[in-house]
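# Overview (structure and organization)
One-letter residues, chain by chain:
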Amino acid sequence: MKKLTRNLFVIASLLVSGGVSTMANAQSEPSAASDAAPAQQSRAQQLMGATAPKLAELTDDVLYADIWERPQLSKRDRSLVTVTALIALNRPDQLRSHLNLARQNGVTEEELIETITHMAFYSGWPSAVSAVATAKEVFQSK
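Small disclaimer: the values here were computed from a predicted structure and weren't measured. All chains use their own residue numbering, which begins from 1 and follows the written sequence. A pLDDT threshold of at least 70 governs which residues receive local features in this predicted model, and a stricter bar of 80 or more applies before side-chain atom pairs are shown or counted, although totals over entire chains, interfaces and linings include all residues. Derived side-chain values reflect all non-hydrogen atoms in the structure, with water molecules and hydrogen atoms excluded from consideration.

## Examining the pattern of salt bridges
- Salt bridge criterion: a side-chain nitrogen from Lys or Arg within 4 Å of a carboxyl oxygen from Asp or Glu. One pass over the structure, following the stated rule, counts 6 salt bridges.
- Here Glu111 makes a salt bridge to Arg76, at a shortest N to O gap of 2.6 Å. Taken together, the residues Glu111 in helix 7 (residues 109-123) and Arg76 in helix 5 (residues 75-88) connect sequence positions 35 residues apart.
- Relative accessible area decides the class of each residue, using a 1.4 Å probe on protein chains only: under 20% of the type maximum gives buried, over 50% gives exposed, and in between gives partly exposed. Of the residues examined, Glu111 reaches a relative accessible area of 31% and is grouped as partly exposed.
- Ionic pairing is found between Arg103 and Glu109, a salt bridge with its closest N-O pair at 2.8 Å.
- Among the charged side chains, a salt-bridge network with shared partners connects Asp93, Arg96 and Glu137. Here a strand is any run of E in DSSP of at least two residues, a helix any run of H or I of at least four, and the numbering for each starts at the N terminus.

Here it is as structure tokens:
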């Protein structure tokens, strides 16, 4: 069941982040079809696997397959927390994909903009202004 949940989350993450032509199931058993076709990779594997394979593995197996699946917080709440942290840290590249994921997890665009506005007073105006620019780009690309 954990493997299925992880695979569904990877698929959802790929769809939210703009999609890719291949997806990962790093723990899948080899088959005749997979021997003939190129190995499927997660978004983390595509972005950093060749350079930092352990970081990509930890992203897939710990962050997304474990931490994001813990029942103590809903995925919606985890998305809000993550978006808030990325605003505070002024990380627009990661914010972009997590704004998409937050919308998938039930956070509205109005709630995301309110989060950015609220964070302006805690993380600084420049971080909020950068986050608005990123949100505008993400919302327009629906």
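Read on, since the account is not over.
## Points about the environment of Ala131
- Note that Ala131 resides in helix 8 (residues 125-140).
- Here the alpha-carbon distance between Ala131 and Ile113, two residues 18 residues apart in the chain, equals 8.9 Å.
- Leaving out residues up to four positions away in the same chain, Ala131 has contacts with Ile87, Leu95 and Ile116. Between two residues, a contact is recorded if the distance between any of their heavy atoms is within 4.5 Å.

## Quick look at helix 4 (residues 53-64)
- An expected span of 1.5 Å times one less than the residue number is assigned to each helix. Counted at 1.5 Å a residue, the expected span for helix 4 with its 12 residues is 16 Å, and the 16 Å between its end C-alpha atoms agrees.
- Listing the buried residues of helix 4 in full gives Ala56, Thr59, Asp60 and Tyr64. Each buried residue of helix 4 lies within a common arc of 85° when the element is viewed along its axis, so the set occupies one face. As used here, the arc belongs to the directions running from the helix axis to the C-beta atoms.

## Describing a nonpolar patch on the surface
- Together, Leu58, Val62, Leu63 and Ile67 give the surface a local cluster of nonpolar side chains, amounting to about 280 Å² of exposed area.
- Inspection of the secondary structure assignment puts Ile67 in the loop between helix 4 and helix 5.
- Its relative accessible area of 34% is what places Ile67 among the partly exposed residues. Residues enter a patch when their relative accessible area is above 30% and they make no salt bridge; the linking distance is 9 Å between like charges and 5 Å between nonpolar side chains (Val, Leu, Ile, Met, Phe, Trp, Tyr). Surface accessibility follows the Shrake-Rupley procedure with a 1.4 Å probe radius. Residue values consider only the protein chains on display as shielding.

## Here we look at the packing of helix 5 against helix 6 (residues 92-104)
- Axes here mean lines fitted to C-alpha atoms, for a helix over just the part in contact, with angles spanning 0 to 180 degrees between N-to-C directions. Interaxial distance between helix 5 and helix 6 falls to 9 Å at its minimum, and their mutual angle equals 160°. Taken together, helix 5 and helix 6 sit at an angle that is classed as roughly antiparallel. Note that helix 5 runs across helix 6; the crossing there is left-handed. Along its contact with helix 5, which presents Ser79, Thr82, Val83, Leu86 and Ile87, the element helix 6 presents Gln94, Leu95, His98, Leu99, Leu101 and Ala102.
- Following the grouping adopted for this structure description, the nonpolar residues are Ala, Val, Leu, Ile, Met, Phe, Trp, Tyr, Cys and Pro, the charged ones are Asp, Glu, Lys and Arg, and the polar ones are all others, Gly among them. Class assignment for the residues of the contact of helix 5 with helix 6 results in 7 nonpolar, 4 polar and no charged. Should an angle fall under 35 degrees it is taken as roughly parallel, and over 145 as roughly antiparallel, whereas 65 to 115 is taken as roughly perpendicular and any remaining angle as oblique. When the near helix sits turned anticlockwise from the far one by under a right angle, the crossing is termed left-handed; a clockwise turn instead gives a right-handed crossing.

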